[in-house]
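A look at the structure
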Amino acid sequence: MTGKTAFETKYGFARKDVRLETWRLSPFNRWSFQNVGELVPSAHVAAAPGGESQAKSLGALLEEKISLAGGSETVESFLKRSDTDGLTILKAGKLVGDWSAPHMLFGARHIIFSISKSVTAILAGILEGEGLFDPNAPVTQYIPEAKGSAYGDASVRNVLDMTVSLDFEEAYLDPESAFARYRRSTLWNPGGGSESLAAFLMTIPRLAEPHGQTYRYRSPNSDVLGILLERASGRRVSALLGEKLWLPLGAASEMSVTIDMEGTARTAGGMSITPRDLARIGEMMRQGGTANGRRIVPEAWVRDTVATGGSHEAWQRGTMVFLFPKGRYRNKWYQTGHDSGAFCGIGIHGQWLYVNPKTEVVIAKMSSQPEPVDDKLDGELVAFFEALSGMV
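Residues numbered from 1 in each chain as written. Predicted model: local features only at pLDDT ≥ 70, side-chain atom pairs only at ≥ 80, totals over all residues. Heavy atoms only, no water.

Quick word on the overall build of the chain
When you go through the chain residue by residue, the secondary structure sums to 14 helices and 15 strands. Each principal axis of the C-alpha atoms in the chain carries an extent, and together these give about 55 × 55 × 45 Å. Each of the 392 residues in the chain was classed as buried or not, and the buried ones make up 58%. Split by element, the accessible area of the chain, about 15100 Å² in all, is 51% carbon and sulfur. Separation of charge centres in the chain, based on 42 positive and 44 negative side chains, amounts to 2 Å. (Helix = DSSP H or I, 4+ residues; strand = E, 2+ residues; numbered from the N terminus. Buried < 20%, exposed > 50% of the residue type's maximum accessible area, 1.4 Å probe, protein only. Areas by Shrake-Rupley, 256 points an atom, 1.4 Å probe, with all protein chains shown as cover. Lys, Arg positive; Asp, Glu negative; His and termini not counted. Charge placed at Lys NZ, Arg CZ, Asp CG, Glu CD.)

Dropping the structure here:
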C-alpha cells in the first residue's frame, strides 16, 4: 500500500517520526503538544461529569483588523501567523467564542508548558488559606534534604517569586547543558530514568548574590514548589489538583501532568488542559478566586498575586523587563503594569492565559510556535491581546 495514512494527510508527517528527540520540534509539535501522554508518563485528573459543549465560532471578529508594529492584519491572519492551535475568549464570564487550527480538534488537551507554574501556585494559595503551607518558611522546613543545594538557605517566597539565586540557565536548545540533564530527569528527553527530578533539583548550586534581589526565570523553582506542596499536604499534586481546583472550578475535561520515574509531577511545565478549561482558570482569577459561586482560593491571595504583590525592583533587575517595563512577578503570575491591570501566565512555544480586568476579558491561547522563545513575537502578542480585549 503506497498512499498516505490519514495521520500523514492531516499533519504532514508520520506518527513514527514523533519521538522524544523530536516532539518539541516543528512540525511534529502540532500533534505532540496535544498528545504528550503518548510520549511522557503522565498522571490524570478527572473532570466533573458532563463534558464540554460544542465549539462556538468567533464569527465576524476573525475578520476585524488589528494594528500591530508590522502593520494591520485580521485577527484570523494573526492567529495563523503566530502558530495558534486553539483559542478561547470569555467576556464577563460569558463565552465569546473558540478558534481551532485544522490540526487541533475542539476539546483536545494541549500542553501549557510554564502556565503550569501559575496553576501550581494556585494550589499554594489554597493550602496557605487552609493553614497547611507557609510562604515565608525556609524551604528546608518542608524539604530537609535541600540543605547544601541552592535552596538550602532560600525561602518558599523566593521559590514562588523566582528570586532564588540559582546557578542555572534555561538553555532550551543546548543538548549538553545542565538544562538537558534536567529534562532527562523529567523523562522529557531521551536517556532519562537514571536520575529522578527531585534528586537533580537538590544538586543545583547557588550564585553568590543573596536570594530575593533579582527576578530570575528558572523552571526548577516551580518543580521544587510542587514538591513543597506535596510535603506540606501529604498528597500528590494530581490529587490536590483534582480535589482543590479541578472539580470546584467546574472543569469540563480531564487534565494531565507529566511525571518522572518516581511519579513526581513536572509542575514547572507538564500540564495539559483544554483551551476552555484554561480560560476558566483565568476567569476564576479575574473573579478574585471564585467560580460557580464557590470560593476556591482566598481573595487576599489573588489580589496580592495579580495586583499588589511582587517586587518591582527585582523585576527591573531581571531579563524580561523588555516585555513588561512596569511589570512585576508574584506567585508564578505576571503583572503587566498596564493601565488595564492585565495579568497573565506564559509558556514557551506560545502558550498564554491573558486576563484584562478592565475589559473583563479572558483569552486562552495555545500554540505550536517553532521556537521555544520568540521575543519579537511575544511583544506582538501582548499588543494583540490588549487590542483584542477592547474589541469583544
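Re the packing of helix α4 (residues 115-129) against helix α11 (residues 275-286)
Running from amino to carboxyl end, α4 crosses α11 at an angle of 50°, the nearest separation of the two axes being 12 Å. Considered as vectors, α4 and α11 are oriented oblique to each other. α4 and α11 meet at a crossing whose hand is left-handed. When α4 is examined against α11, the residues I115, V119 and I122 are found in contact with a partner set consisting of L278, I281, M284 and M285. A per-class count over the contact of α4 with α11 returns seven nonpolar, no polar and no charged. (Axes fitted to C-alpha atoms, helices over the stretch in contact; angles between N-to-C directions. Parallel < 35°, antiparallel > 145°, perpendicular 65-115°, else oblique. Left-handed = near helix turned anticlockwise from the far one by under 90°. Contact = heavy atoms within 4.5 Å. Nonpolar A, V, L, I, M, F, W, Y, C, P; charged D, E, K, R; others polar.)

Side note on α4
Because each turn of an α-helix spans 3.6 residues, side chains separated by three or four positions end up pointing in the same direction. If you check α4, its first and last C-alpha atoms are 22 Å apart, about what 15 residues at 1.5 Å a residue would give, namely 21 Å. Counting buried positions over the 15 residues of α4 gives 13, a clear majority of the element. With its phi angle positive at about 80°, G131 sits one or two positions after the end of α4. (Expected span 1.5 Å × (residues − 1).)

Overview of the UniProt feature "domain: Beta-lactamase-related" (unreviewed entry) in the chain
Mapped onto this structure's residue numbering, the UniProt feature "domain: Beta-lactamase-related" (unreviewed entry) falls at residues 87-383. As annotated, residues 87-383 comprises 34% helix and 16% strand, and the C-alpha atoms at either end are separated by 16 Å. (UniProt positions renumbered as here; feature names shortened; annotations may be inferred.)

Section: the nonpolar core
Within the largest apolar cluster, 123 residues are counted, with the highest numbers of intra-cluster contacts made by W23, F133, L228, I281 and Y334. The element best represented in this core is α4, accounting for eight residues. When sequence neighbours within four positions are dropped, the list of residues in contact with F133 reads A124, L127, E128, Y142, V156, L225, L228, L229 and A232. (Core = buried A, V, L, I, M, F, W, Y, C linked by side-chain atoms within 4.5 Å.)

Examining the pairing of strand β4 (residues 84-91)
Of all eight residues that make up β4, seven are buried, and the element is covered over most of its length. Alignment of β4 against strand β5 (residues 94-100), held across six bridges, turns out to be antiparallel. Looking at the pairing, G86 lines up with S100 of β5. Connecting β4 to the next strand, β5, in antiparallel fashion are two residues, including A92 with a positive phi near 50°. (Pairing = 2+ DSSP bridges.)

Some remarks on the packing of α4 against helix α10 (residues 237-249)
At a minimum axis separation of 10 Å, α4 and α10 run at an interaxial angle of 70°. Classed by the angle they form, the pair α4 and α10 counts as roughly perpendicular. For the pair α4 and α10, the crossing hand works out as left-handed. Side by side, α4 and α10 meet where V119, I122, L123, I126 and L127 of the first sit next to V237, L240, L241, K244 and L245 of the second.

Thoughts on the pattern of salt bridges
Overall, the coordinates contain 26 salt bridges when judged by the stated rule. Of the charged contacts in the structure, one is a salt bridge between R81 and E73, with a shortest N-O distance of 2.6 Å. Under the relative-accessibility criterion, R81 is labelled partly exposed at 39%. The partner of D304 in a salt bridge is R330, with the nearest N and O atoms 2.9 Å apart. With D304 in helix α12 (residues 299-308) and R330 in strand β11 (residues 328-330), this residue pair connects regions lying 26 residues apart in the sequence. (Salt bridge = Lys/Arg side-chain N within 4 Å of Asp/Glu carboxyl O.)

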